[in-house]
Amino acid sequence: GTEDAATLRTPIVAVLGHVDHGKTSLLDKIRGSAVSEGESGAITQHIGATAVPLETISSMAGELVDPDDFDLPGLLFIDTPGHHSFSTLRARGGALADIAILVVDVNDGFQPQTEEAIDIIQRTGTPFVVAANKVDTIPGWNPNEGAPIKASYDAQSERVRSTLDEGLYDIIGDLSSAGFSADLYWRVQEFQRNIGVVPVSAMTGEGVSDLLAVLMGLSQRYMREEMEVDVSGSGVGTVLEVKEERGFGATIDVVVYDGVIREGDTIVVGGMDEPIVTEIRALLQPRPLAEIRTENRFERVDEIEAAAGVKIAAPELDDAMAGAPVMVVRDRPVEAVVDDVRAELAELEVETEEDGVVVKADTLGSLEAMADALREAEIPILRAEVGDIAPRDVAVAGTANEATYRAILGFNVDVLSNAEDELEESEVEVFVDDVIYQLVEDYEAFVEERER
Ligand code: GTP
Ligand code: MG
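Keep in mind that what you see is a predicted model, and the values were worked out from it rather than measured.

About the criteria used
- Residues numbered from 1 in each chain as written.
- Chains lettered and ligands numbered in written order.
- Predicted model: local features only at pLDDT ≥ 70, side-chain atom pairs only at ≥ 80, totals over all residues.
- Pairing = 2+ DSSP bridges.
- Helix = DSSP H or I, 4+ residues; strand = E, 2+ residues; numbered from the N terminus.
- Axes fitted to C-alpha atoms, helices over the stretch in contact; angles between N-to-C directions.
- Contact = placed C-beta atoms within 7 Å.
- Buried ≥ 20, exposed ≤ 12 C-beta atoms within 10 Å, placed from the backbone.
- Arc of directions from axis to C-beta.
- pLDDT = per-residue confidence, 0-100.
- Core = buried A, V, L, I, M, F, W, Y, C linked by C-beta atoms within 7 Å.
- Parallel < 35°, antiparallel > 145°, perpendicular 65-115°, else oblique.
- Left-handed = near helix turned anticlockwise from the far one by under 90°.
- Nonpolar A, V, L, I, M, F, W, Y, C, P; charged D, E, K, R; others polar.

1. Points about the sheet that holds strand S23 (residues 407-411)
- Reading across the sheet, the 4 strands line up as S22-S21-S23-S24 and stay open at both edges, with parallel pairing between neighbours. Strands at the two margins of the open sheet, each flanked by one partner only, are strand S22 (381-386) and strand S24 (429-433). Across the sheet, the axes of successive neighbouring strands diverge by a mean angle of 15°, strand direction being ignored.
- By the bridge criterion, 5 bridges tie S23 to S24 in an arrangement that is parallel. Within S24, the residue paired with Phe411 across the bridge is Asp433.
- Relative to S24, helix H11 (residues 436-451) is tilted by about 155°, and along the sheet it contacts S23 and S24.

2. A closer look at helix H10 (residues 417-425)
- Among all positions of H10, only Ala419, Glu422 and Leu423 are buried. Along the axis of H10, the buried positions cluster into a sector of 105°, meaning they face one direction only. Away from its buried face by more than 90 degrees, H10 exposes Ser417, Asn418, Asp421, Glu424 and Glu425.
- Tucked inside the fold, the buried residues of H10 contact helix H9 (391-398) and S24.

3. A short note on the confidence of the model for the chain
- Per-residue confidence for the chain gives a mean pLDDT of 89, with 92% of residues at or over 70.
- Predicted complex metrics record ipTM = 0.99 and pTM = 0.86.

4. Side note on the sheet that holds strand S3 (residues 49-53)
- On the basis of which strands lie adjacent, the open sheet formed by 8 strands has the order S2-S3-S4-S1-S7-S8-S10-S9 and mixed pairing. Every interior strand has two partners, whereas the edge strands, strand S2 (44-46) and strand S9 (182-184), have only one. On average, each strand axis in the sheet is tilted by 25° relative to the strand beside it, whichever way the strands run.
- In the sheet, strand S1 (residues 12-17) pairs with strand S7 (residues 99-105) via 5 bridges, with the strands oriented parallel. Bridging across to S7, Leu16 finds its partner in Leu102.
- Here helix H2 (residues 54-61) sits on the sheet and contacts S3 and strand S4 (74-79); the angle it forms with S3, its principal contact strand, is near 75°.
- Running at roughly 175° to strand S8 (residues 128-133), helix H6 (residues 208-223) makes contact with S1, S4, S7, S8 and strand S10 (195-199) of the sheet.

5. Section: the nonpolar core
- Counting residues in each nonpolar core, the largest one holds 133 residues, and the members touching the most others are Val13 and Val130.
- In terms of residue count, the dominant contributor to this core is H6 (8 residues).
- If we skip the residues at most four places from it in the chain, Val130 touches Leu102, Val104, Ile171, Leu175, Ala182, Ile195, Val197 and Val198.

6. Describing the packing of H2 against H6
- Where H2 meets H6, the closest approach of the two axes is 8 Å, and the angle between their N-to-C directions is 135°. As far as their axial angle goes, H6 and H2 are oblique. The two elements H2 and H6 meet at a crossing, and its hand is left-handed. Each of Ile57, Met60 and Ala61 in H2 lies in contact with H6, whose residues at this interface are Ser209, Leu212, Ala213 and Met216.

7. A few points about the environment of Ile261
- Structurally, the position occupied by Ile261 is in strand S13 (residues 260-262).
- Residue classification places Ile261 among the buried residues on the basis of 27 C-beta atoms within 10 Å.
- It is 8.9 Å that separates the C-alpha atoms of Ile261 and Gly233, two residues lying 28 residues apart in sequence.
- Discounting chain neighbours no more than four positions away, the residues touching Ile261 are Gly235, Val256, Leu283, Glu303, Ile304, Val310 and Val328.

8. Overview of the pairing of S3
- Two elements, S2 and S3, share 3 bridges in a ladder whose sense is antiparallel. What sits directly across from His46, in S3, is Ala49.
- A loop of 2 residues connects S2 with S3, the two strands running antiparallel in sequence, and Gly48 in this loop sits at a positive phi of about 70°.
- Alignment of S3 against S4, held across 5 bridges, turns out to be antiparallel. From the neighbouring strand, Ala51 faces S4, where its bridge partner is Leu76.

9. Observations concerning unusual backbone geometry
- Omega for the bond connecting Ala306 with Ala307 falls within 30 degrees of zero, at -5°, which places this linkage in the cis form.
- Inspection of the secondary structure assignment puts Ala307 in the loop between strand S18 (303-305) and strand S19 (308-313).
- The phi dihedral of Asp20 falls on the positive side, at around 70°, and the residue is not glycine.
- Structurally, Asp20 is set in the loop between S1 and helix H1 (23-36).
- Owing to 15 C-beta atoms within 10 Å, Asp20 belongs among the partly exposed residues under this scheme.

10. Focus on the environment of Val329
- With respect to the element layout, Val329 can be found in strand S20 (residues 325-329).
- Taking C-alpha positions, Val329 is 7.1 Å from Asp265, a pair spaced 64 residues apart along the chain.
- Dropping the residues within four chain positions of it, Val329 is found in contact with Thr266, Ile267, Val268, Val334 and Val337.

11. What to know about the packing of helix H8 (residues 364-376) against H11
- Between H8 and H11, the shortest axis-to-axis distance is 10 Å and the interhelical angle comes to 40°. Viewed along their axes, H8 and H11 adopt a mutual orientation that is oblique. As for how H8 packs across H11, the hand of that crossing is right-handed. Contact residues: H8 offers Ala369, Met370, Ala373 and Leu374, while H11 offers Ile436, Tyr437 and Val440.
- Counted by class, the contact of H8 with H11 contains 7 nonpolar, no polar and no charged residues.

Put into structure tokens, the structure is as follows:
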């Protein structure tokens, strides 16, 4: 029944995977199919996210989803660029996403960022489904635009099917090495125990209906209780990105996962040094597609209800941190909310030692993931911070006692030009990468070289 839908928030679905494996294309396909089904109005584009209501999902999933079986309002999909660690997507010490879609190119199989996504999925206990994408690129593939995948699969030649099977079994094997028992989704009885692998094509739309059906099933069955939130309470969210916008200055892109945020609200945001207390000047959403050519890229909205993505314009946001909490101050004193934000930030704080390397990362979540990886590799950390590599970091790294610790490991960050000057004069080594384990390996290789 749908009578209590108002109290159930939209589950947040993170779309993850290696660069170019087709995350954005898959979301485009879902949007595109909705447009061609005359449902374009129903799909709303958010900052960093796409909201698809239940009716639209069920009409796209055809007979695979019966809307009467579900009472969730729909799904909110968050696209994550391949180089951007999924670890930003956190909330209250857990995962921000309720469910994840791990997109894997069926020809390419598991790649570094796939492994990284799996690590984080595992650490946060996020239920997920695997989209084995690009099935249409299998030589000899006979496309059936928009068809459910089982029918399309059965209609392929034996040779095509066996090539596809090889790719699928590689993926299932890699999942198994990572500790997950997985199978083709139509063979999975219990999605709580086994991971479903759905062959899809973001190009032809084959399998997209199956993927949506599995997602709805997963969220309905295993997440219903967690979706019961007070959607009229004071808003809580997570900063995805801090961005400069012409006419607005520094803004934050936020995923709101609880309550309501309104224009004019006082908010507390996790900052580089201290929590930032500020007042919302504007809540912004992308303009509908038809109006994209107008001067203003954004449209102002009065309020946003969880779950949703939104851009917040407010003074003093320059020092806001990606991955940090955002909380609306409504029925409580400001100090109490500041304390809450501080407590959440403290939980994320990386433990440092007397001597060790300097770590920089683009977001709080990725900093935490870096710290975990370094702890596992028994590499101590002298200092860990969010942000690009600055002259100050070079100075700090130079103070390390042990020579091999005079190093900066940067994840998804740039080296500021004045820091480069500083580096030339110092003996500090810099490692920058967008894959965590690559950074750790590069650093270990450097240490080995030095100790030889
Ligand atoms: P990043 O955001 O850079 O991490 O990449 P992504 O995962 O979002 O990949 P994207 O959707 O941008 O797709 C990468 C390329 O693969 C594009 O050229 C797409 O057109 C192509 N592509 C994606 N999915 C499919 C598919 O199912 N079939 C075919 N033939 N091409 C695809
Ligand atoms: Mg993309």
